[in-house]
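Here's the letter readout for the chains.
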Amino acid sequence: MAHQAHAYHMVDPSPWPLTGAIGALLLTSGLAVWFHFHSTILLSLGLILLLLTMYQWWRDIIREGTFQGHHTPPVQKGLRFGMILFITSEVFFFLGFFWAFYHSSLAPTPELGGCWPPTGITTLDPFEVPLLNTAVLLASGVTVTWAHHSIMEGERQQAIQSLALTILLGFYFTFLQAMEYYEAPFTIADGVYGSTFFVATGFHGLHVIIGSTFLAVCLLRQIQYHFTSEHHFGFEAAAWYWHFVDVVWLFLYISIYWWGS
Amino acid sequence: MAALARLSQALRVPLRVPLRSLTRDRRQLSAAAGHGHGEHSAKTWKILTFVVALPGVAVCMLNMYLKEQQHSHEQPEFIPYTHLRIRSKRFPWGDGNKSLFHNPHANALPDGYEGHDE
Amino acid sequence: MAGRLLLRACTTTTLQLRSNVVARPLHRAMSTAKGIPTDDEQATGLERRALQALKRGKVTTTTTTIDTMLNARVQSLKLTCILFKCTLQDPYSILKPKKYAGTKEEPHIVPCTGTKRLVGCLCEEDNTAIVWFWLHEGDAQRCPSCGSHYQLVHNELPH
């Protein structure tokens, strides 16, 4: 490789941004086609393309960062800013759902009976499963911090145990939410209450699944000795994301489950 | 009794250590503490996990279990409100009349609970 | 994985064999025994070079700069030292940049990886118009508007 007088990463040409963009287009148009014409061909195609892109792009990044040493301190700084901006955009994504919820619930329309929760809606008790969910996510926030300190102190066994525990707690949360969805006495078709509830908590659940996957990748990479005690940004990003998901849940719990019932 | 003896022994041991090695130990300790996040923070978080976080989850599980015991499982009376059970368009799955997490016991269809028809 | 196990076995046996072990291998053996490698042990490629450069605090110079340095050796050395200090204290460029007086004795240090760099001078506080000019390697240059001194200094450190 030619001598490089700066510490930045000059990325090689890659097909993944293009396939990712096509995947996103197919996914969104596929969803519309599915909703309107009940055909899943385009949707499946988009999903497959997106999953393949994700796998191969992230594989390439791991190769560049861990095995080729392209993630120098200034490059890591860029990755940090990128992750911060991404999480900020996610915050605004959820802000939209909270806006919809408060718009509908602070001044309920006459059609709902002028009250919140709307007439005829039996809500979930916030002090049963949702409280357990809160405890599970807060506990996973503690275990992920334990994992981070273990990595920084070079404690391999503890890092693997705590990371595995975090992922297990994530799966337990997903399982509890699925049970709650099945047991819920209202559905997504039950007016604006059902819409706001299931869209907000559903997207949160999706983010828990994404965060668990992210942490699971970190666990595999930890087992494969990818991380050093100083350089483990993949894990740090996953931990940031996990904390973000945790905080969104706290707001969901307080607003939709507790105040909204 | 044995524990008490062990405790008193543990308390007495440092007194026998010469002063010089004691000060050296302390210097090493303070040097270790100066390392950014501290040397034993993983241990702290491990303790927090097992003493605070997981027992917290266990308490909430118990709370959930106890509260679930008191539940009555009777269906609320079906009233065909216009703002509920909206079917402006078919769901893209199944027969298009049931939500994705449909529970025949808890979720009524637009014309009432399923069990009542049979 | 196998190599790592071999390395671990080797270090522990050497530790057992020799009673007076030098500090560095002992430190390495301890970090390896806990299982997670350090950047010293595992970082590779450009990352390794950047980290080593940061550790040494060394600014590599081209031959042209050495010629310039020969003309004003003491001054140039001082500038290079100032640059090290900043980069060492703040390798991620997160802190506020160091302020220079801009006088002949203490010019604004402009780190550069090439032979020239575009510089924008604010001249005085709250100025809304920026004076742009090219700063070339060699002796210090002055801002065409306010006369502040600017000195190009080579470095290969992340800045």
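Residues numbered from 1 in each chain as written. Chains lettered and ligands numbered in written order. Predicted model: local features only at pLDDT ≥ 70, side-chain atom pairs only at ≥ 80, totals over all residues. Heavy atoms only, no water.

1. Here's the deal with the packing of helix α6 (residues 191-223) of chain A against helix α7 (residues 233-259) of chain A
Residues and elements named next belong to chain A. The criterion, for reference: Axis lines are fitted through C-alpha atoms, for helices just across the contact stretch, and the angle between N-to-C directions can take any value from 0 to 180 degrees. Comment: elements are numbered from the N terminus, with helices defined as DSSP H or I runs of at least four residues and strands as E runs of at least two. Should an angle lie under 35 degrees it is considered roughly parallel, over 145 roughly antiparallel, and from 65 to 115 roughly perpendicular; all remaining angles are considered oblique. The hand of a helix crossing depends on one turn: near helix anticlockwise from the far one by less than a right angle means left-handed, and clockwise means right-handed. All residues other than Ala, Val, Leu, Ile, Met, Phe, Trp, Tyr, Cys, Pro, Asp, Glu, Lys and Arg, Gly among them, are scored as polar; the first ten of these are nonpolar and the last four charged.
Contact pair α6 / α7: the axes reach a minimum separation of 9 Å and the direction vectors enclose 160°. Between α6 and α7, the angle falls in the class roughly antiparallel. Note on packing geometry: the crossing formed by α6 with α7 is left-handed. A breakdown of the residues in the contact of α6 with α7 according to their chemical character gives 20 nonpolar, 7 polar and 1 charged.

2. Digging into the pattern of salt bridges
Residues and elements named next belong to chain A. Spelled out, the test is: Any Lys or Arg side-chain nitrogen located within 4 Å of an Asp or Glu carboxyl oxygen qualifies as a salt bridge. Each residue is assigned to one of three classes by its accessible area relative to the maximum for its type, calculated with a 1.4 Å probe on protein chains only: buried under 20%, partly exposed between the two thresholds, exposed over 50%.
Enumeration over the complete set of coordinates arrives at 5 salt bridges over all chains. The shortest N-O distance in the salt bridge between Asp 60 and Arg 59 comes to 3.0 Å. Given a relative accessible area of 27%, Arg 59 falls into the partly exposed group. The partner of Asp 60 in a salt bridge is Arg 63, with the nearest N and O atoms 4.0 Å apart.

3. Describing the interface of chain A and chain B
Rules: Pairs of residues are marked as contacts when any of their non-hydrogen atoms sit within 4.5 Å. Summed over both partners, buried area is the accessible surface (1.4 Å probe) that two parts give up on being assembled.
Tallying the contact residues gives 43 residues for chain A and 41 residues for chain B. Summed over both partners, the interface of chain A with chain B comes to about 3500 Å²; 67% of that surface belongs to carbon and sulfur atoms. Of all residues in chain A, the largest losses of buried area upon contact with chain B belong to Glu 128, Trp 146 and Tyr 182 of chain A, amounting jointly to 16% of the total for that side. Joining chain A to chain B, the criterion identifies 1 salt bridge. A salt bridge links Asp 125 of chain A to Lys 67 of chain B; the nearest nitrogen and oxygen atoms lie 3.9 Å apart. Per-element accounting of the side of chain A that touches chain B gives the leading share, 13 residues, to helix α4 (residues 129-152) of chain A. Of the residues belonging to the side of chain A that touches chain B, the class tally is 25 nonpolar, 12 polar and 6 charged.

4. Considerations on the side chain of His 108 of chain C
Residue and element names in this part refer to chain C. Its location among the elements puts His 108 in strand β1 (residues 108-112). Residue class for His 108 comes out buried when judged on its relative accessible area of 19%. Once you skip the residues sitting within four places of it in the chain, His 108 turns out to touch Tyr 100, Ala 101, Gly 102, Ser 148, His 149, Tyr 150 and Gln 151.

5. Observations concerning the packing of α4 of chain A against helix α3 (residues 41-69) of chain B
One can describe the packing of α4 of chain A onto α3 of chain B by two numbers: an axis separation of 9 Å at closest approach and a directional angle of 165°. Comparing their axes, α3 of chain B and α4 of chain A come out roughly antiparallel. Classified by chirality, the crossing of α3 of chain B by α4 of chain A is left-handed.

6. So, the UniProt feature "transmembrane region" (unreviewed entry) in chain A
Residues and elements named next belong to chain A. Applicable threshold: UniProt positions are given in the numbering used here, feature names are shortened, and annotations may be inferred rather than shown by experiment.
Mapped onto this numbering, the UniProt entry annotates "transmembrane region" (unreviewed entry) at residues 16-35, 41-58, 79-102, 129-147, 159-177, 197-220 and 240-260. In residues 41-58, helix accounts for 100% and strand for 0%; the two terminal C-alpha atoms are 26 Å from one another. Across residues 197-220, the secondary structure splits into 100% helix and 0% strand, with the terminal C-alpha atoms separated by 34 Å.

7. A short note on the side chain of Gln 222 of chain A
Within the fold, Gln 222 of chain A resides in helix α6. Aside from chain neighbours lying at most four places away, what touches Gln 222 of chain A is Ile 151, Arg 156, Ala 159, Ile 160 and Phe 227 of chain A together with Ile 36 of chain C.

8. With respect to the nonpolar core
As a reminder, the rule being used: By nonpolar core is meant a set of buried Ala, Val, Leu, Ile, Met, Phe, Trp, Tyr and Cys residues that side-chain atoms within 4.5 Å join together.
Membership of the largest hydrophobic core comes to 60 residues, with the highest contact counts inside it found for Phe 186, Phe 197 and Phe 235 of chain A. In terms of residue count, α7 of chain A provides more of this core than any other element does, 15 residues in total. Sequence-distant contacts of Phe 186 of chain A, defined by excluding residues within four places in its chain, comprise Ile 121, Thr 122, Thr 123, Leu 124, Tyr 193, Phe 197 and Phe 198 of chain A together with Asn 107 of chain B. Of all hydrophobic cores here, the second largest spans 9 residues; its members include Val 119, Cys 121, Phe 133 and Leu 152 of chain C.

9. Details of the domain arrangement of chain A
Residues and elements named next belong to chain A. So the rule is basically this: Here the limits of each domain have been adopted from an automatic or database domain assignment. Polar contact is defined as a pair of N or O atoms within 3.5 Å, subject to the rule that within protein one atom must be able to donate a hydrogen and the other to accept it, and that residues adjacent in sequence are counted only when both atoms are side-chain atoms.
When its domains are assigned, chain A resolves into domain 1 (1-70) and domain 2 (72-258). Summed over both partners, the interface of domain 1 with domain 2 comes to about 610 Å²; 67% of that surface belongs to carbon and sulfur atoms. Of all residues in domain 1, Ala 7, Ile 62 and Thr 66 bury the most surface against domain 2, accounting for 55% of the area lost on that side. At the junction of domain 1 and domain 2, the tally comes to 2 residue pairs in polar contact (both at pLDDT 80 or more). Here the side of domain 1 that touches domain 2 is composed, by residue class, of 4 nonpolar, 4 polar and no charged.

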